[in-house]
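Topology and contacts: notes
Listed below are the residues making up each chain.
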Amino acid sequence: MDLRGKGLDLQALAECVCCLLLGILLFCLTYSGRYLNYVTPKMKPYLYGFSLLLFLWAGMQARYLPTPRYRISLSRSFVMLIPILMLAMPLPASEGRGIAQDYGSSGISKVLSGNENGNKNEDEREDNGEDERPWYDLKGLDKETKTITIGDEDYYTWIYELGSFYETYIGYTVVMKGFVYRAPDMDEKCGFALVRLSMWCCSADLSPLGFLVDCNGDLDLQDGDWVVVRGILGVTEDGGSLLLKAQSIEAAEKPQEEYVYPYF
């Protein structure tokens, strides 16, 4: 049985301070957006909720401060020092970290000529009674005018669709937003790649995801500039990559959510 006396409960004080520190750190990281160094945005509400839980726990422990115990155990509090120290360590800003990755290993859409990789056009899939994409909708598709307008929230869906079933959409007019990306080993015939940064886990695995653009001439565009490209979908001469033959390129504002998350 714990012996009680006058003074402060050191164990309650340690737990209260650790909970407050961890809660404040989580809240600040989430509010500032730096939590993207660790997790994706879908975790944002959970981080806020966990911060609130830590504040409540600190308040509960504060009730025991005026009632000291002579038998104390600080080990539980010391365990919390590990995540506190890890979260307190400064990390590089997440913005643009993936742009510096090598183009050859990036997620810019690659395709094979012919059907060697199992691509099938829409008629073949219908004749075989196949439905290879039942889990997502193709918003922005106008078959009558052969136009695809890719919204911010549908970027990955269409990258997957066009990369997987590109033969169905060759010759379609595609309207999409992204930022300008260039690399030393990029084909000189391509003006730039129109991409966004995809994130599987956190900012450490950011990589460009998009299509090559043939803009037929020099444009006053800097790497990282956000633009809307309207162009005809095709493939490069070697049949290795999807290519947009630009009809128009207009400056655009950075979207509120600039990253792309590879899930539907």
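As recorded in an unreviewed UniProt entry, the chain goes by the name DUF1980 domain-containing protein, listed as coming from [Clostridium] citroniae WAL-19142.

**Quick look at the pairing of strand β3 (residues 173-181)**
Burial runs high along β3: nine of the nine residues are buried. For strand β2 (residues 147-149) and β3, the ladder comprises three bridges, and the chain directions are parallel. Residue pairing across strands places Thr 149 opposite Val 175, the latter belonging to β3. Regarding topology, helix α5 (residues 155-164) serves as the crossover connection from β2 to the parallel β3, and that connection is right-handed. The pairing of β3 with strand β6 (residues 226-235) spans seven bridges and is antiparallel. Pairing of Val 174 across the sheet is with Gly 231, part of β6.

**Observations regarding the pattern of salt bridges**
Following the criterion strictly, the structure yields three salt bridges and no others. Of the charged contacts, one joins Asp 152 and Arg 196 as a salt bridge, the two residues approaching to 2.6 Å between their closest N and O atoms. One end of the pair, Asp 152, is in the loop between β2 and α5; the other, Arg 196, is in strand β4 (residues 192-198), with 44 residues separating them in the sequence. Judged by its relative accessible area of 35%, Asp 152 is partly exposed. With its nearest N and O atoms 3.9 Å apart, the salt bridge here joins Glu 258 to Lys 254. Note on Lys 254: relative accessible area 39%, which makes it partly exposed.

Here is what the cut-offs are and how they apply
- Residues numbered from 1 in each chain as written.
- Predicted model: local features only at pLDDT ≥ 70, side-chain atom pairs only at ≥ 80, totals over all residues.
- Heavy atoms only, no water.
- Buried < 20%, exposed > 50% of the residue type's maximum accessible area, 1.4 Å probe, protein only.
- Helix = DSSP H or I, 4+ residues; strand = E, 2+ residues; numbered from the N terminus.
- Pairing = 2+ DSSP bridges.
- Right-handed = clockwise from strand over helix to strand, strands pointing away.
- Salt bridge = Lys/Arg side-chain N within 4 Å of Asp/Glu carboxyl O.

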